[in-house]
Amino acid sequence: MSDNAIAERAQRFLVALRHCQVLGLSVHHADAGGLTLRLPYSAQIVGNPESGVIHGGAITTLMDTTCGISTVCVLPDFEVCPTLDLRIDYMHPAEPHKDVYGFAECYRVTPNVIFTRGYAYQDDPAQPIAHVVGTFMRMGKPGAQLSGKGGAQ
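Cut-offs applied
Residues numbered from 1 in each chain as written. Predicted model: local features only at pLDDT ≥ 70, side-chain atom pairs only at ≥ 80, totals over all residues. Heavy atoms only, no water. Patch = residues over 30% accessible without salt bridge, like charges linked within 9 Å, V, L, I, M, F, W, Y side chains within 5 Å. Areas by Shrake-Rupley, 256 points an atom, 1.4 Å probe, with all protein chains shown as cover. Salt bridge = Lys/Arg side-chain N within 4 Å of Asp/Glu carboxyl O. Helix = DSSP H or I, 4+ residues; strand = E, 2+ residues; numbered from the N terminus. Pairing = 2+ DSSP bridges. Axes fitted to C-alpha atoms, helices over the stretch in contact; angles between N-to-C directions. Contact = heavy atoms within 4.5 Å. Buried < 20%, exposed > 50% of the residue type's maximum accessible area, 1.4 Å probe, protein only. Phe/Tyr/Trp six-rings, centres within 6.5 Å; stacked < 30°, edge-to-face > 60°.

Draft legend 1. Broad picture of a nonpolar patch on the surface. Nonpolar side chains collect at one region of the surface, where F78, V80, L84, M137 and M139 lie side by side and expose about 420 Å² of accessible area between them. Inspection of the secondary structure assignment puts M137 in strand β8 (residues 130–137).

What follows is the structure, given as structure tokens:
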């Protein structure tokens, strides 16, 4: 699948999620290597009005969504893949008045589970705000059964 096709599929997935529309999330980049989403800074997502720092819940939503949609980068067809587990380690708060980017990649795909990892950053990916790992259950294409039995391979 071409990078454009991956980006278009990621964008279609993203705009179907109401909470992503409210947050203003957008696809920044997508290819077979992973997905980057952009969370624009907004006064509505500030957690501390005195400092202007974005609420951790907005970062969590960004990273869960980025990891979940990164599955379109590796699967040949759209599949429903709900979050099984998500772990985020916060390194430092986001700087006020700056957009936040979330990158995620799928590093292992089994018949039942997809394993993802990534990070949130602002200006420099080498200075992450947070690291994330997540697992997503493969439920298959809508109306189809997955082949294979048992747990993760």
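That was the structure; now back to the text.
Draft legend 2. Region of the structure containing the sheet that holds strand β6 (residues 100–109). One open sheet holds the six strands; their spatial order is β1-β2-β6-β7-β8-β5, and the pairing between them is antiparallel. Strands at the two margins of the open sheet, each flanked by one partner only, are β1 (26–31) and β5 (83–90). With strand direction ignored, the average angle separating the axes of adjacent strands in the sheet is 15°. Relative to β8, strand β7 (residues 113–121) runs antiparallel, the two being bridged by eight bridges. Bridging across to β8, R117 finds its partner in V133. Its contacts with the sheet place helix α3 (residues 56–69) against β2 (34–39), β5, β6, β7 and β8, and it is angled at close to 40° to β6.

Draft legend 3. Up close: the pattern of salt bridges. By the definition in use, this model includes six salt bridges. Residue R38 pairs with D99 through a salt bridge whose shortest N-O separation is 2.7 Å. Of this pair, R38 sits in strand β2 while D99 sits in the loop between β5 and β6, and the two are 61 residues apart along the sequence. A salt bridge links R138 to E79; its shortest N-O distance comes to 2.5 Å. Of this pair, R138 sits in the segment after β8 while E79 sits in the loop between α3 and β5, and the two are 59 residues apart along the sequence. Classification of E79 by relative accessible area gives buried; the value is 7%. By sharing partners, the salt bridges in this structure join E95, K98 and D123 into a single network.

Draft legend 4. Broad picture of the packing of aromatic side chains. According to the stated counting rule, one finds five aromatic pairs in the structure shown. A centroid spacing of 5.3 Å and a plane angle of 35° characterise the contact between F103 and Y119, whose relative ring orientation is tilted. Of the two residues, F103 sits in strand β6 while Y119 sits in strand β7, which places them 16 residues apart along the sequence. The buried category is assigned to F103, whose relative accessible area is 17%. Residue classification places Y119 among the partly exposed positions, given a relative accessible area of 24%. Where Y119 meets Y121, the ring centres are 5.8 Å apart and the plane angle is 45°; that geometry is what we call tilted. The structure contains a cluster of three or more aromatic residues connected by ring pairs, namely Y101, F103, Y119 and Y121.

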